[in-house]
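Below, each chain spelled out in residue letters.
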Amino acid sequence: MERNAKVTSLKGVGEKTAKLFERVGVVTLDDLVRYYPRDYERFDPPVPIGTITAGGVYAVEGVIVKSVDVKQMKHLRIVTTMIRDDSGILRVTWFNMPFLRNTIKKGMRIILRGRVQCNQYEMCMEQPTMYTPAAYDAIAGSMQPIYGLTAGLTNRVVQQSVKQVLEKLDTRKDCLPAAVRKEHELAELNFALETIHFPTSEENLLFARKRLVFEEFFYFITGIRLMKEKQEILENVFPVRTHALADRLIAGLPYELTGDQKRVWEEILSDLQGDGVMNRLIQGDVGSGKTVLAVLAMVTAAENGYQSALMAPTEVLARQHYQSLVEMLETLGLDERIVLLTGSMTAKEKREAYRRLREHEADMAVGTHALIQDKVEFAALSLVITDEQHRFGVKQRAQLAGTSENGAALSGVNDEGTVPGEAVAVNNGVARDETAKTGGSDAGANRPVPHILVMSATPIPRTMAIILYGDLDISVIHQMPKNRLPIKNCVVGDNYHPKAYKFIEKEIRSGHQAYIICPMVEESEMVDAENVTDYSQKLRGIFPGDIVIESLHGKMKSDEKNRIMERFAAGEIHILVSTTVVEVGVNVPNATVMMVENAERFGLAQLHQLRGRVGRGSAQSYCIFINGNEADAKNKRLEIMNQSNDGFFIASEDLRLRGPGDMFGLRQSGLLEFAIGDIFNDADVLKMASEAVNEVLADDPELIKEENREYRRRTDELMHRRMERLSL
Ligand code: ADP
Ligand code: MG
């Protein structure tokens with residue numbers, strides 16, 4: 001049978017089942033073999049009835065001592081009987097299976113396997129599966145695979161289909177280099193595949209799994225490395241010689257830089273002074289003080305006669321960056337040398353901004369993706385900084401690569417590694433792919449290539465980032481500024497509102513401000529969630545008249561949004577009722593309360609970003625999460641938020657809750673989706689695979705040696721599929 005044959009070539013799989021399989025991503029026989037079980041069920045030998053305890057799953061062997069009784073209760077038909085062995089007697093029930101009356105007869109000897117629950121009076125086995133002693137004997141002691149399913153597709157069908165494929169397919173060729181397999185003691189491929197589906201022992205299962213996890217990482221890392229190999233080391237044509245302005249700026253700051261900020265600044269500076277183009281990711285939790293590092297780099301570029309651009313994902317954030325840059329630059333007398341460029345500016349304002357950049361009348365540009373429009377031409381762009389880049393979509397990045405003076409170089413912008421949303425290395429490759437397709441990659445081959453600096457709060461573990469993104473430099477800020485107090489959190493129900501409002505009023509009376517976040521803009525019949533417009537209206541009735549309450553949401557006109565944001569920043573608005581438009585980057589240190597309505601509707605990453613809007617100054621800050629779902633009082637995500645302010649911890653908990661591919665939205669990107677490997681729990685294998693790839697590539701960088709041919713082919717095949725899945 002052909003590996004690439006459709007699943008319909010299997011016995012018992014028709015068009016209908018094939019459709020169901022397709023829903024879980026299985027089209028070919030090969031897909032099916034790689035459709036690894038999600039879990040396993042152990043079939044332990046039967047135990048004496050007298051020894052079982054409630055809560056567990058057991059098999060018991062005995063005699064049916066009572067004819068079957070069927071009772072109707074509301075919509076349920078409850079089937080009951082009793083089974084007895086030498087040690088005791090046990091009640092058994094099934095729901096909505098009245099036909100069992102004809103199958104189960106008093107006096108018959110059977111094996112029942114199911115979960116045992118305890119009601120007020122006695123223990124009871126619910127919904128057990130029935131076996132003849134002979135049938136159970138055949139599977140006793142084994143582990144049976146449990147697959148991810150979709151409505152209509154049963155575990156049994158998947159199991160049997162997989163079994164058929166394993167029997168019928170020819171032995172497959174193991175593409176892992178033999179030397180690698182030997183060195184890392186990895187199972188042979190055919191053995192691994194059979195064992196992962198139908199393990200013969202726990203030990204064998206672990207052995208098989210390790211092989212498959214290793215191989216998955218191994219091919220992925222190889223693919224990434226091969227893409228990177230093609231990237232030449234680019235010369236720094238904007239060498240920095242002096243940095244007096246940055247020194248002055250640091251000396252004039254109202255605070256002292258933290259040790260981490262100083263270290264990262266030195267890393268950036270040494271990149272700017274170095275021989276190669278900078279390609280650096282700054283990773284630091286919300287509020288760790290990344291912006292000032294961007295400013296230092298921009299000022300230094302200006303001092304050396306170059307231009308720089310800072311891009312933000314939202315207009316609100318771009319404007320705010322612009323304001324704070326202007327303030328910092330005033331002290332250096334450089335505030336005339338910066339322009340703002342956003343979509344909501346008038347055509348005339350934009351033209352003026354373009355002109356100033358083209359004629360090098362401005363050294364620094366701050367803006368949204370309006371900065372990457374065709375019309376923008378820089379005289380000497382040496383540095384591109386993106387803040388919280390994950391908000392930029394793949395498309396915008398491709399655009400950036402395409403419209404830049406040098407497609408190849410700016411594809412480096414994709415090289416950040418910021419993640420939520422999508423990640424880097426592959427985007428990098430993708431971007432290059434794109435330019436290749438349009439023939440754009442050569443167009444500006446000898447134009448100057450700017451430095452790339454990406455700032456992100458996304459906590460991808462450093463080791464993982466390095467493994468995945470290879471040649472990207474990463475600077476991490478661990479320390480928070482000294483003046484910070486940890487944010488105090490609480491998770492409360494709807495009934496807490498009066499108390500919360502009192503508390504907010506008290507904070508406002510002592511000179512602070514508050515955010516209240518609602519998930520919806522306007523009232524919707526469908527969703528019973530607090531909404532911005534009505535809510536602020538309601539609050540105006542609750543709070544005393546001198547407390548200024550305004551609302552902010554994405555559907556407002558830009559200038560209206562900007563005005564509100566500016567007034568909030570200036571302290572003229574006390575309570576800002578907003579959607580998540582304030583989620584990323586906004587910095588109003590005087591705000592000390594963040595209250596999130598219907599917090600149960602938000603993801604962990606979002607909640608963490610939202611909370612990051614407070615605790616940015618020296619005053620004690622508070623975050624109130626309102627859980628609007630009474631039925632789920634112990635919401636796990638909210639518990640996690642309540643427990644910790646640490647983005648790293650939250651990310652790892654997010655991972656545990658949602659599974660590896662989905663950490664902080666990674667699943668959307670599909671990039672880090674692995675069929676079996678888990679980037680956290682299998683971190684040791686990931687590292688091992690990474691080192692193995694390095695070794696092989698050191699010896700055969702292009703993988704052209706005979707012994708690596710199959711490996712190369714398989715890598716290309718898998719990389720190609722991954723790209724397809726990303727549908728780019
Ligand atoms: P983020 O890393 O989230 O982008 P920002 O750069 O916006 O954080 O900084 C948050 C706040 O902390 C700003 O008000 C900034 O002025 C302040 N800040 C930055 N560095 C320090 C420091 N070393 N000490 C005290 N405050 C700082
Ligand atoms: Mg920021």
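For the structure itself, look to the data block above.
What comes next concerns the included structure.

1. Side note on the overall build of the chain
The number of helices and strands found in the chain is 26 helices and 21 strands. Here the chain, with 728 residues, has 54% of them falling under the buried criterion. In the chain, the proportion of contacts linking residues at least 24 apart, taken out of those at least 6 apart, comes to 72%. A total of about 33,200 Å² of accessible surface is found on the chain, and carbon and sulfur atoms cover 50% of it.

2. Considering the site of ligand 1
Around ligand 1, 18 residues are found, and the nearest of them are Gln-261, Gly-287, Thr-291, Arg-484 and Arg-616. When the free accessible area of ligand 1 is taken as 570 Å², the share hidden by the protein chains comes to 88%. Residues belonging to the shell around ligand 1 are distributed by class as follows: five nonpolar, eight polar and five charged. Looking at which domains feed residues into the shell around ligand 1, each of domain 2 (236-477) and domain 3 (488-644) supplies at least three.

3. Let's talk about the sheet that holds strand E20 (residues 591-596)
The six strands are arranged E16-E21-E20-E17-E19-E18 in an open sheet whose pairing can be described as parallel. Bordering the open sheet on either side are strand E16 (488-493) and strand E18 (549-552), each of which pairs with just one other strand. Going across the sheet, the axis of each strand differs from the next one's by a mean of 20°, ignoring polarity. For strand E17 (residues 513-517) and strand E19 (residues 575-578), the ladder comprises four bridges, and the chain directions are parallel. Bridge pairing links Tyr-515 to Leu-576 in E19. Against the sheet, helix H19 (residues 532-542) makes contact with E17, E18, E19 and E20, and its axis sits at roughly 175° relative to E18, the strand it touches most. The strands touched by helix H21 (residues 604-611) within the sheet are E16, E17, E20 and strand E21 (622-627), with E20 carrying the most contacts at an inclination of about 155°.

4. Overview of unusual backbone geometry
Phi is positive for Gln-127, which is not a glycine, with a value near 50°. Along the chain, the position of Gln-127 falls in strand E7 (residues 123-131). You can call Gln-127 partly exposed: its relative accessible area is 37%. Residue His-360 is not a glycine yet carries a positive backbone phi of 55°. When its relative accessible area of 22% is taken as the criterion, His-360 is described as partly exposed.

5. Points about the sheet that holds strand E15 (residues 473-477)
Strand pairing in a sheet takes place through backbone hydrogen bonds and is either antiparallel or parallel in direction. Taken in spatial order, the seven strands line up as E11-E12-E10-E13-E14-E9-E15 in an open sheet, and their pairing is parallel. Taken across any chain shown, the strands that pair with only one partner, and hence form the sheet edges, are strand E11 (338-341) and E15. The average angle at which neighbouring strand axes cross in this sheet is 15°, direction not considered. Sheet analysis places strand E10 (residues 307-311) next to strand E13 (residues 381-387), joined by five bridges and oriented parallel. Looking at E13, one finds that Ser-308 is bridged to Leu-383. Sheet strands in contact with helix H10 (residues 259-273) are strand E9 (279-284), strand E14 (451-456) and E15, and its direction is about 160° off that of E15. Most of the contacts of helix H13 (residues 347-358) go to E11, to which it runs at about 140°, and overall it touches E10, E11 and strand E12 (364-367).

6. Quick word on the nonpolar core
By size, the foremost hydrophobic cluster in this structure holds 59 residues, and its most contacted members are Val-7, Phe-21, Leu-32, Leu-212, Phe-214, Phe-217 and Phe-218. Put simply, the parts of the chain that give this core at least two residues each are helix H1 (15-23), helix H2 (29-33), helix H5 (155-168), helix H7 (189-197), helix H8 (202-229), helix H25 (683-699) and helix H26 (709-725). Per element, the largest residue contribution to this core is 13 residues, and it comes from H8. Residues within four places of Phe-214 in sequence aside, it is in contact with Leu-176, Val-180, His-184, Leu-186, Val-685, Met-688, Ala-689 and Ala-692. By size, the runner-up hydrophobic cluster in this structure holds 40 residues, among which are Phe-238, Leu-249, Leu-257 and Leu-453.

7. Remarks on the side chain of Arg-34
Among the secondary structure elements, Arg-34 is positioned in the loop between H2 and strand E1 (39-42). For Arg-34, a relative accessible area of 17% gives the class buried. Those residues in contact with Arg-34 that sit more than four places away from it in its chain are Arg-172, Leu-189, Leu-193, Leu-212, Glu-215 and Arg-714.

8. A closer look at the state of the cysteines
Applying the stated criterion across every chain yields a total of zero disulfides. Of all cysteine sulfurs, the one in Cys-118 lies closest to Cys-124, which takes part in no disulfide; the gap is 9.5 Å. Cys-623 supplies the cysteine sulfur nearest to Cys-490, a cysteine that is in no disulfide, at a spacing of 8.0 Å.

9. Here we look at H10
Its 15 residues give H10 an end-to-end C-alpha distance of 21 Å, which sits within 8% of 21 Å, the value for a rise of 1.5 Å per residue. The inward-facing, buried residues of H10 contact helix H9 (244-252), E9, helix H11 (291-303), E14 and E15.

10. Focus on H11
Given a rise of 1.5 Å per residue, 13 residues ought to cover 18 Å, and the 19 Å separating the end C-alpha atoms of H11 matches this to within 8%. Residues of H11 that are buried: Val-292, Leu-293, Ala-294, Val-295, Leu-296, Ala-297, Met-298, Val-299, Thr-300, Ala-301 and Ala-302.

11. Digging into the environment of Ile-146
As for its placement among the helices and strands, Ile-146 is situated in strand E8 (residues 143-146). Of the residues examined, Ile-146 reaches a relative accessible area of 22% and is grouped as partly exposed. Taking the C-alpha atoms as reference, Ile-146 lies 8.9 Å from Val-158; in sequence the two are twelve residues apart. The contact partners of Ile-146, leaving out residues within four places of it in the chain, are Pro-37, Arg-38, Asp-39, Tyr-40, Glu-41 and Asn-155.

12. A look at the pattern of salt bridges
Here the idea is simple: oppositely charged side chains can pair when their charged atoms come close. In the structure shown here, the tally under the stated rule is 34 salt bridges. One salt bridge connects Arg-263 with Glu-267, and the closest N-O pair in it is separated by 3.4 Å. Of this pair, Arg-263 and Glu-267 both sit in helix H10, separated by four residues, roughly a single helical turn. Here Glu-361 ties to Arg-356 by a salt bridge, and the two come within 3.6 Å at their closest N and O atoms. When its relative accessible area of 16% is taken as the criterion, Arg-356 is described as buried. Overlapping salt bridges bring together Arg-34, Asp-174, Arg-181, Arg-211 and Glu-215 as one network.

13. Focus on the packing of aromatic side chains
By convention here, two paired aromatic rings are described through the distance between centres and the angle between planes. With the rule as written, the count across this model stands at 13 aromatic pairs. For the ring pair Phe-214 and Phe-218, a centre distance of 5.5 Å and an interplane angle of 20° mean the geometry is stacked. Residue Phe-214 and its partner Phe-218 are both found in helix H8; the two are separated by four residues, about one turn of the helix. Of the residues examined, Phe-214 reaches a relative accessible area of 0% and is grouped as buried. Taken together, the aromatic side chains of Phe-214, Phe-218, Tyr-219 and Tyr-711 make up a single cluster linked through ring pairs. Here the basic side chain of Arg-113 rests over the ring of Phe-43, its NZ or CZ set 4.0 Å away from the ring centre. One Lys or Arg, Lys-163, reaches over the ring of Phe-198 and ends 4.8 Å from the middle of that ring.

Reading guide: rules and limits
- Residues numbered from 1 in each chain as written.
- Chains lettered and ligands numbered in written order.
- Predicted model: local features only at pLDDT ≥ 70, side-chain atom pairs only at ≥ 80, totals over all residues.
- Heavy atoms only, no water.
- Helix = DSSP H or I, 4+ residues; strand = E, 2+ residues; numbered from the N terminus.
- Buried < 20%, exposed > 50% of the residue type's maximum accessible area, 1.4 Å probe, protein only.
- Contact = heavy atoms within 4.5 Å.
- Areas by Shrake-Rupley, 256 points an atom, 1.4 Å probe, with all protein chains shown as cover.
- Near = heavy atom within 4 Å.
- Nonpolar A, V, L, I, M, F, W, Y, C, P; charged D, E, K, R; others polar.
- Domains from an automatic or database assignment.
- Pairing = 2+ DSSP bridges.
- Axes fitted to C-alpha atoms, helices over the stretch in contact; angles between N-to-C directions.
- Core = buried A, V, L, I, M, F, W, Y, C linked by side-chain atoms within 4.5 Å.
- Disulfide = S-S within 2.5 Å.
- Expected span 1.5 Å × (residues − 1).
- Salt bridge = Lys/Arg side-chain N within 4 Å of Asp/Glu carboxyl O.
- Phe/Tyr/Trp six-rings, centres within 6.5 Å; stacked < 30°, edge-to-face > 60°.
- Lys NZ or Arg CZ within 6 Å of the ring centre and 35° of its normal.

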